[in-house]
Amino acid sequence: MKKAVAWGVGIVVGVPLVLAATAAILVNTIDQQALLNKASAVVKEKQQRDLAFTGPVQLKWFPSIGADLNGVTLSEFQSTDQFLKADKVSISLALLPLLRSDIVVDAVQATGVTVNVVKNADGKFNFDDLSNPEKNDGVKEELEGTPAGGEQALNFSVDSIALENLNVNYVDKQGGLEASLNNFALQSGRIEPGVPTDIALKGNLKANKPQADLNIDLNTRLEFGLGENLYANFENLKLAVLGQLDQQQADVNVQASTLNVNPNTLEVKAQSLDAKAKGQLPDVGAFDVSLNSPSLELSETVARGEAFNFKVDLKQATRTINATVALAKLEGNLKQSVAAALDTTVKLVEGERTVSLKLASPLSVNMKSQLIELRNISGQLDVQDPALPKKSASMPLAGRLEVNNTEKTAELNLNSKFEATSFDLKAAVKNFAKPAITAVLNADKLDIDALLPPKKTPAETASKTGGAEPKDSPVDLSPLRNLNLDVTASIGELKVSNIQASRLKTKAVARGGKLTISPLDAQLYGGSTSGVITADANTQTVTVNQNMSGVQIQPLIKALLDKDMAEGKGNVGINIRTTGNTVNQMKAALDGKVSVSLQDGAIKGINLAEKFRNAKSLLSSGGNATQTADSTQKTDFSSLAVSFDINDGVATSNDLNVMAPLFRIGGAGQVNLVKNTLDYLARATVVATSTGQGGKTLDSGLNGVTVPVRLFGPFTGVQWELQFKDLAKDAAKAKLQPKIDEKKEELKSKAEEKVKDALKGFLNR
């Protein structure tokens, strides 16, 4: 604010001062040409710039002195490029005040002024040489004849200013910003510190970051102070800005009967303040912002106000956000402390879901220690969504917040109790520039899914995309580089992303761009899980090492993948690592190992026992039988063990071992996680048992026969293929084998008898 006021006052005051100094030079000589030559020579020598007058110059003498200048140009430093150009400048000074070291300008008029301001790549401006104190002292002595320091500073006043077609071009070679003030017109009354004056300003502003084309219209009565007494008082302020911002409509209106600002003391006084801004930005959406206060006064002696209201409405493609902040009962002063009643609301609407947050608390600000306190926060979080089990959920909130701006620390205590849920959160932040965050969360029961949007199933995602391949999603771990985090959590019962866990104990630590979640221990679906998860922004790498023991596999797979693929209880080991900047890249770079060992369960999708009982009809078909996986059918097993070696997103297995009542199953194959497909060939060998799954027996002689069973296709539609093409031949061979063996024994016996008879005849000779 201080810089903004200084720049604004500098623009209004600085131009008359520069023009007044030029007029003072002109009255030091009668020879007009000599005057112009001397001015140009001094600027060339001291500033290394070219000052030229291409048009006629007319001098004024008494009772005012001044000149009408035409065609004034000033070059860049040590260059012929143009820095300033003025088609016409007219200025006159009162003579008698000048003798008292006071500059009283009767009037300033200028037309067709263009200034080119450049910020170079090294951060320096192309006018820095003009503001160099050493150079300015020399110029003043040459041009104005003012003695060296120790004398009274000049006072000034300008009776009126009239500027037309004022243009300022700005180029920032460091940041890439290009902006321009175009065709500005300024009309004012008397300009003098401490004297109110009428100001009327109109013009156009263009910029490229963001793209802007805005028309500005300002009308007010202004009183200002400079130097150590810098301030700006506005009366009947009316500011309108209308145009395009990033090729979208933008509209800003500010009105106030009184608005007083002192950047040095932070004093603010406003009456009937009403500020509004609306428009649309590509990355933000359509916005509508308003700020109003009927009466507000902040100073070292008093802090009071009827109300202070701030409101934001934001509309985006998929959501709308409405937020309000209100301050009432303002009291105190800026020298010691300020107190008020804070009331804020936030409403988020996304599809059929509405999330509302209301918070209220007494607010106190200690001006000496810069301590901000919300001592008694009370509020409520409400969620309404037809997809929720009860269609809605509510969470009352209570706690306190303390921010110490001197020590750059903050502390938050927040707790809630609703239905069967209760939690207590304690968080602290140190060093706002590079925040170090610590937090401890304790909860009896926490249902995150009751408050967050429902997790979309693969079927819903496919329906939304029309069956097309979903777009790849970015994975950005860069926020971890600046994250200093230490969070500990202990939760009795937790539900998140459809996963239900209990007795969760975990700790998350982020340092130097690496996040480590260790331990990650919990009771899970009748068993337990323990492990470590890491994410490293320096290498864009994620690792998961998790061991599950005695876990019911069916609800776990249903929660993670929304698929009903298997039943059983046992152990799962996960040891994987991946890297990449998108989800698909991470799938393609996935390496590691996964092992599964289950007892007394079932494989969902097909009933192999039933298929084998109908072997006669299957064998007679003479071909392969294929069916889509059907979760209502299952193949029971007493034990299952399998492991997968993962390399570049492809999981390979060759050690499947399934023990079932009617058969033993082995197999090998691949699961392609990049393409979301599988191709696995299992081999089911029928064992010689009288009964199997369902207490039924086989109706054909398949004992000892191995049936190839192929699983293939995309995850969303796995196919089961029983390969019976050569099975009939194998079955017949198996059936005839005992007779062949019996015939072999009979022939062998006959052969032996013949050999014995032959030997007996030979020996009897």
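Residues numbered from 1 in each chain as written. Predicted model: local features only at pLDDT ≥ 70, side-chain atom pairs only at ≥ 80, totals over all residues. Heavy atoms only, no water.

Further remarks concern the overall build of the protein chain. Within the protein chain one finds ten helices and 38 strands. For the protein chain, the residues scored as buried account for 35% of the 765 residues in total. Carbon and sulfur atoms make up 55% of the accessible area of the protein chain, which amounts to about 42,300 Å² in all. (Helix = DSSP H or I, 4+ residues; strand = E, 2+ residues; numbered from the N terminus. Buried < 20%, exposed > 50% of the residue type's maximum accessible area, 1.4 Å probe, protein only. Areas by Shrake-Rupley, 256 points an atom, 1.4 Å probe, with all protein chains shown as cover.)

Within the largest apolar cluster, 61 residues are counted, with the highest numbers of intra-cluster contacts made by Phe663 and Ile665. Setting aside chain neighbours within four positions, we find Ile665 in contact with Leu608, Leu656, Asn657, Val658, Ala682, Arg683 and Ala684. Counting 33 residues, the second largest nonpolar core, distinct from the first, contains Val89, Ile91, Val105 and Val113. (Core = buried A, V, L, I, M, F, W, Y, C linked by side-chain atoms within 4.5 Å. Contact = heavy atoms within 4.5 Å.)

Let's shift gears to a nonpolar patch on the surface. Together, Leu560, Leu561 and Met565 make up an exposed nonpolar region whose accessible area comes to about 270 Å². The class of Leu560 is partly exposed, set by a relative accessible area of 45%. (Patch = residues over 30% accessible without salt bridge, like charges linked within 9 Å, V, L, I, M, F, W, Y side chains within 5 Å. Salt bridge = Lys/Arg side-chain N within 4 Å of Asp/Glu carboxyl O.)

This paragraph deals with the packing of aromatic side chains. Aromatic rings in a pair are described by how distant their centres are and how their planes are angled relative to each other. Scanning all chains against the criterion turns up two aromatic pairs. Ring geometry for Phe125 and Phe127: centres 5.1 Å apart, planes at 20°, overall stacked. Phe125 gets classed as partly exposed once you look at its relative accessible area, which sits at 26%. Both rings, one in Phe125 and one in Tyr170, keep their centres 6.5 Å apart while their planes meet at 35°; by these two values the pair is tilted. Of the two residues, Phe125 sits in the loop between strand S5 (102-119) and helix H4 (133-144) while Tyr170 sits in strand S7 (residues 161-172), which places them 45 residues apart along the sequence. Grouped by ring-pair contacts, the aromatic residues Phe125, Phe127 and Tyr170 constitute a single cluster. Stacked on the ring of Phe83, the Lys or Arg Arg49 has its end atom at 4.9 Å from the ring centre. In this structure, Arg710 is placed above the aromatic ring of Phe712, and the distance from its NZ or CZ to the ring centre is 4.3 Å. (Phe/Tyr/Trp six-rings, centres within 6.5 Å; stacked < 30°, edge-to-face > 60°. Lys NZ or Arg CZ within 6 Å of the ring centre and 35° of its normal.)

Our focus in this paragraph is the pairing of strand S27 (residues 514-524). Of the pairings in the sheet, the one linking strand S26 (residues 499-511) to S27 comprises eight bridges and is antiparallel in character. From the neighbouring strand, Val509 faces S27, where its bridge partner is Thr516. Hairpin connection between S26 and S27: a loop of two residues separates the two successive antiparallel strands, and Gly512 in this loop has a positive phi of roughly 55°. With seven bridges connecting them, S27 and strand S28 (residues 527-536) associate as antiparallel partners. (Pairing = 2+ DSSP bridges.)

All right, on to the environment of Asn482 then. By the element assignment, Asn482 lies in the loop between helix H5 (458-464) and strand S25 (484-496). Note: C-alpha distance between Asn482 and Lys434 (48 residues apart in sequence) is 7.2 Å.

Let us now look at the pattern of salt bridges. Going through the model one piece at a time under the given rule, you end up with 18 salt bridges. The residue Arg319 makes a salt bridge to Glu350 at a minimum N-O spacing of 3.4 Å. Residue Arg319 is located in strand S17 (residues 319-332), and its partner Glu350 is located in strand S18 (residues 337-350); the two are separated by 31 residues in the primary sequence. Given a relative accessible area of 29%, Glu350 falls into the partly exposed group. Put simply, Lys604 and Asp564 hold a salt bridge, and the shortest N to O gap is 2.9 Å. Linking Lys604 in strand S31 (residues 591-605) with Asp564 in the loop between helix H6 (553-561) and strand S30 (566-579), this pair joins segments that are 40 residues apart in sequence. Lys604 sits in the buried class, given a relative accessible area of 10%.

Right, let's get into the side chain of Ser299. Among the secondary structure elements, Ser299 is positioned in the loop between strand S14 (285-298) and strand S15 (303-305). Among residues more than four places away in sequence, those in contact with Ser299 are Glu267, Asn333, Leu334 and Lys335.

Mapping Thr582 onto the fold places it in the loop between S30 and helix H7 (583-588). The exposure class of Thr582 is buried, given its relative accessible area of 16%. Only 3.1 Å separates the side chain of Thr582 from the backbone nitrogen of Gln585, close enough to count as a polar contact. (Polar contact = N/O pair within 3.5 Å; in protein donor to acceptor, adjacent residues only side chain to side chain.)

Turning our attention to the environment of Lys390. Mapped onto the fold, Lys390 is located in the loop between strand S20 (371-384) and strand S21 (392-404). With 60 residues separating them along the chain, Lys390 and Ala450 place their C-alpha atoms 9.1 Å apart.

By secondary structure assignment, the location of Gly649 is in the loop between strand S33 (630-647) and strand S34 (650-659). For Gly649, a relative accessible area of 0% puts it in the buried group. Considering only alpha carbons, one finds Gly649 and Asp591, 58 residues apart in sequence, at a separation of 6.6 Å. Leave out the neighbours within four places in its chain, and Gly649 touches Lys587, Ala588, Leu590, Val671, Asn672, Leu673 and Val674.

Time to look at H6. In an α-helix, one full turn covers 3.6 residues, which means residues spaced three or four apart are oriented alike. If you check which residues of H6 are buried, you get Ile553, Leu556, Ile557 and Ala559. Within H6, the buried residues cover an arc of 165° as seen down the axis, which keeps them to one side. In this structure, the buried side of H6 is in contact with S26, S27, strand S29 (541-552), S30 and S31. (Arc of directions from axis to C-beta.)

None of this, on its own, says anything about what the molecule does.
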